[in-house]
Amino acid sequence: MRKDSEKNYHNAKESSRGHHRGHDSGHEGGEHSGHSVKEFKERFFVSLALTVPVLLLSPLVQDFLGFSFKFAGSELVLFLLSTAVFFYGGKPFYMGAYRELKEKNPGMMTLIALAIVVAYIYSGAVVFGLEGKFFFWELVTLIDVMLLGHWIEMKSVAGASKALEKLSALIPDKAHFKKDGEFVEVETGRLEKGNVILVKPGEKIPADGVVVRGKSFVNESMLTGESKPVAKTESEEVIGGSVNGEGSLEIEITQAKEDSYLSKVMNLVRQAQSSKSKTQALADKAAFWLTMIAIAAGAATFVGWLVASGELAFAIERTATVLVITCPHALGLAIPLVAAGSTAIAASNGLLIKNRTSFENARKITTVVFDKTGTLTEGVFKVKEIISIKKGWSEEDVLKIAASLEKNSEHPIGKAVVAKAEEAGIELFKADNFQAIKGKGIGGKVGGRDIIAAGPGYLAELGLEKPQETVGISGTAVYLIEKKKNKKEILGFLSLSDSIRKESKDAVEELKKKGIKIWMLTGDNEETAREVSEELGLDGFFAGVLPEEKQAKIKELQGKDEYVAMAGDGINDAPALAQADVGIAIGSGTDVAGETADIILVNNNPGDILTLISFGRKTYKKMIQNLIWATGYNVFAIPLAAGVLAGYGILLSPAVGAVLMSLSTVVVAVNAKMLTVSE
């Protein structure tokens with residue numbers, strides 16, 4: 001089954017919190033049904049203080065402790081104190097239940113509120129004349145335990161909510177701004193694009209920019225996961241939030257705060273944390289049905305014990321325990337906690353998740369298809385051969401025309417051709433009407449001629465065949481073509497070499513050890529593709545492929561029941577990235593757009609794909625562990641709460657049920673927190 005509308009992460013607007021509402025980063029430690037950690041803490045301590053006299057006035061507690069304390073109106077005082085705890089301590093649960101019922105999505109809060117309300121109304125009726133026994137002490141201790149459980153749980157999961165705060169804290173408050181030739185200290189928020197700043201040794205870089213003076217090593221590990229400091233000299237990009245080494249750097253700011261790398265990463269983390277995957281949808285459905293089961297089990301327990309014992313109070317107590325212990329709280333948190341944590345951890349290791357389903361499905365990858373240039377190879381070209389095809393033309397003529405056109409291009413191939421001409425001291429023509437032919441080449445007017453510089457894949461589209469002189473020549477090919485009124489003529493040919501990266505060899509070797517097949521897509525000729533494929537030991541390659549043809553090659557592999565990841569630059573490879581089961585934009589650097597990619601690898605390192613697959617597997621494993629725990633404990637908890645072992649003297653009070661429910665939530669939260677990238 002291939003990716004469908006889930007591919008567009010922009011549409012994933014729903015909350016991933018299921019029946020659990022909250023844990024937003026905008027509040028202290030997150031929110032739960034509109035209430036903060038601080039409020040749960042305050043309500044717990046106030047309720048606890050009121051609980052003490054309730055316990056002392058409760059006959060059952062007095063009998064247990066061996067003392068008697070009663071006065072005229074003591075039951076009324078007991079009722080009033082319990083009422084205070086009921087309304088003040090129970091408010092978060094009633095508000096939560098209201099929201100759930102309003103959204104027609106009953107869950108944890110509905111069950112808690114139902115248990116508390118039933119217990120309170122019945123006990124109140126007993127105080128005012130109904131025959132039976134009240135259990136105010138069970139009621140208030142239940143509320144206390146629920147408040148304590150939610151407070152502890154929210155504190156334990158606050159780490160995921162604070163991930164964005166940690167990212168934003170990387171930017172320093174102050175910066176050294178160049179004004180009238182001197183540097184003055186200003187607030188970082190006042191910096192604008194084009195400003196020049198000074199970053200001293202050991203300081204954090206306040207904004208994205210380009211080095212205009214100085215050289216140093218910069219630590220980008222907190223942003224990209226790159227463990228080694230990166231050398232920075234003039235004209236090289238730096239990322240806001242990274243840490244300068246021992247040299248001073250003058251930097252020209254290239255991105256406003258909202259367009260900075262860090263801002264984009266934070267936005268992606270927010271979007272990924274709030275998006276839903278299929279695993280989360282499954283958990284939500286399970287939580288809904290668990291709520292339905294809890295209500296049905298509660299009703300059955302009430303009727304069963306009422307008929308069996310004839311004691312209304314006992315039947316209500318058993319019902320309240322079932323409702324509380326069956327709360328799908330842990331289930332509602334099982335996936336969101338792992339999702340939020342994994343997204344933040346991945347971002348700090350240079351893996352930016354845009355599509356959560358694709359990230360979780362990384363564990364299924366059987367084949368990785370790499371784009372060649374700049375991914376498997378260095379992307380740094382050198383001209384190794386020039387051939388003149390047109391009669392009367394020299395190699396210098398071919399180089400002059402090609403370089404005159406290529407000087408308008410930012411592509412590494414174009415830069416290599418221009419560098420070769422400059423090395424030869426050739427004076428270049430001015431190129432007019434320059435245009436980029438996306439994924440195929442460039443064109444323009446040079447020396448009065450209408451020229452196209454393109455790869456071999458574009459020749460057939462132009463109705464041209466490869467010249468005999470170029471057959472058997474390896475390397476990245478550039479054909480120089482002149483367009484005339486009624487025909488097109490090949491003027492010359494340039495062959496460029498691009499060395500294979502060491503990281504590529506290591507990555508291919510490790511991926512193959514995991515049983516993953518490796519293929520390569522390239523627009524280069526067959527000879528070059530075969531050389532690279534053989535040197536790296538790939539399982540196969542597709543050569544001479546145009547960008548729009550890459551999609552068909554991905555489909556071809558998918559047709560062989562392969563679960564395919566495509567790793568490319570996110571621009572020319574867009575159709576293939578969209579078609580792949582997992583689209584990976586690699587080598588994006590500070591550009592985190594990667595519109596059609598599911599995952600963005602910040603570092604230009606194919607080895608990070610192995611990290612992606614491994615971390616995807618670990619994340620999914622954590623989710624399954626949490627789901628098993630969150631649902632599995634109910635198999636034992638529900639019958640126990642219903643009183644199936646009452647004949648053996650084993651009965652759980654509502655408060656003990658609340659402890660067990662809260663404990664299951666904490667187990668899920670702690671398990672999620674233990675997720676790491678490293679093995």
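Remember, predicted model here, so these are calculated numbers, not experimental data.

### Overview of the overall build of the chain
And then number 1: Looking only at helices and strands, the chain has 23 helices and 24 strands in total.
And then number 2: Summarising the internal contacts of the chain: among those between residues at least 6 apart in sequence, 68% fall at separations of at least 24.
And then number 3: For the chain, the exposed surface amounts to about 30,200 Å²; the carbon and sulfur share of it is 55%.

### Regarding the side chain of Lys 440
And then number 1: The residue Lys 440 is located in the loop between β15 (431-437) and β16 (441-446) in this model.
And then number 2: At a separation of 3.1 Å, a polar atom in the side chain of Lys 440 contacts the side chain of Glu 461.

### What to know about the sheet that holds strand β7 (residues 216-219)
And then number 1: An order of β8-β7-β10 is seen for the three strands of this open sheet, with the pairing classed as antiparallel. Only two strands of the sheet have a single neighbouring strand rather than two, namely β8 (230-232) and β10 (243-244).
And then number 2: As paired strands, β7 and β10 are joined by two bridges and run antiparallel to one another. Across the sheet, Val 218 pairs through a bridge with Asn 244, a residue of β10.

### Considerations on the side chain of Thr 319
And then number 1: In this structure, Thr 319 sits in helix α12 (residues 312-325).
And then number 2: By relative accessible area, Thr 319 is classed as buried at 11%.
And then number 3: Polar side-chain contacts of Thr 319 include one of 3.4 Å to the backbone nitrogen of Phe 302.

### Topic: the nonpolar core
And then number 1: Core analysis: the largest hydrophobic core is formed by 49 residues, its most contacted members being Ile 365, Val 368, Phe 370, Ile 518, Ile 584, Ile 599 and Ile 609.
And then number 2: Ranked by residue count, the leading element in this core is helix α13 (residues 329-348), at nine residues.
And then number 3: Residue contacts for Phe 370: discarding those within four places in its chain leaves Thr 375, Leu 376, Leu 511, Ile 518, Trp 519, Met 520, Leu 521, Ala 567, Pro 606 and Ile 609.
And then number 4: Among the nonpolar cores identified, the runner-up in size contains 30 residues, and Phe 93, Met 109, Ile 116 and Leu 139 belong to it.

### Points about the environment of Lys 445
And then number 1: When you line up the elements, Lys 445 lands in strand β16.
And then number 2: Separated by ten residues in sequence, Lys 445 and Gln 435 have C-alpha atoms that sit 9.8 Å apart.
And then number 3: With sequence-adjacent residues up to four places away left out, Lys 445 is seen in contact with Lys 430, Ala 431, Asp 432, Asn 433 and Asp 450.

### A word on unusual backbone geometry
And then number 1: A positive phi angle, near 55°, is found at Asp 180, a position not held by glycine.
And then number 2: Looking at the secondary structure, you find Asp 180 in the loop between β3 (174-179) and β4 (182-187).
And then number 3: Given the relative accessible area of 76%, Asp 180 is considered exposed.
And then number 4: The phi torsion at Asn 433 lies on the positive side, around 50°, for a residue other than glycine.
And then number 5: With respect to the helices and strands, the residue Asn 433 is situated in strand β15.

### What to know about the packing of helix α16 (residues 395-406) against helix α17 (residues 412-423)
And then number 1: Viewed as axis vectors pointing N to C, α16 and α17 meet at an angle of 130°, and their least axial separation amounts to 8 Å. Accordingly, the angle class assigned to the pair α16 and α17 is oblique. Note on packing geometry: the crossing formed by α16 with α17 is left-handed. Here Leu 399, Ala 402, Ala 403 and Glu 406 of α16 lie close against α17, whose contacting residues are Gly 414, Val 417, Val 418, Lys 420 and Ala 421.

### A closer look at a nonpolar patch on the surface
And then number 1: Among the surface-exposed residues, Trp 629, Val 656, Leu 660, Leu 663 and Val 667 lie close enough to one another that they form a single nonpolar patch of about 390 Å² accessible area.
And then number 2: Broken down by element, the nonpolar patch gets its largest block of residues, four residues, from helix α23 (residues 654-673).
And then number 3: Within the secondary structure layout, Val 667 lies in helix α23.
And then number 4: Val 667 sits in the partly exposed class, given a relative accessible area of 33%.

### Focus on the pairing of strand β11 (residues 249-253)
And then number 1: Extensive coverage of β11 is indicated by the burial of four of its five residues.
And then number 2: Across four bridges, the pairing between strand β5 (residues 196-199) and β11 is antiparallel. Bridge pairing in β11 links Leu 198 to Glu 250.
And then number 3: One ladder, built from four bridges, connects strand β6 (residues 209-213) with β11; its direction is antiparallel. Its bridge partner lying in β11, Val 210 is registered against Glu 252.

### Things to note about the confidence of the model for the chain
And then number 1: Residues at a pLDDT of 70 or more form 83% of the chain, whose mean pLDDT is 80.
And then number 2: For the chain, strand β1 (residues 31-32) is the element with the lowest average pLDDT, namely 48, and α16 is the one with the highest, namely 94.
And then number 3: When the criterion is pLDDT under 50, residues 1-33 qualifies, and its contacts beyond four places in sequence or with other chains add up to 103 contacts.

Basis of the calculations
- Residues numbered from 1 in each chain as written.
- Predicted model: local features only at pLDDT ≥ 70, side-chain atom pairs only at ≥ 80, totals over all residues.
- Heavy atoms only, no water.
- Helix = DSSP H or I, 4+ residues; strand = E, 2+ residues; numbered from the N terminus.
- Contact = heavy atoms within 4.5 Å.
- Areas by Shrake-Rupley, 256 points an atom, 1.4 Å probe, with all protein chains shown as cover.
- Polar contact = N/O pair within 3.5 Å; in protein donor to acceptor, adjacent residues only side chain to side chain.
- Pairing = 2+ DSSP bridges.
- Buried < 20%, exposed > 50% of the residue type's maximum accessible area, 1.4 Å probe, protein only.
- Core = buried A, V, L, I, M, F, W, Y, C linked by side-chain atoms within 4.5 Å.
- Axes fitted to C-alpha atoms, helices over the stretch in contact; angles between N-to-C directions.
- Parallel < 35°, antiparallel > 145°, perpendicular 65-115°, else oblique.
- Left-handed = near helix turned anticlockwise from the far one by under 90°.
- Patch = residues over 30% accessible without salt bridge, like charges linked within 9 Å, V, L, I, M, F, W, Y side chains within 5 Å.
- Salt bridge = Lys/Arg side-chain N within 4 Å of Asp/Glu carboxyl O.
- pLDDT = per-residue confidence, 0-100.

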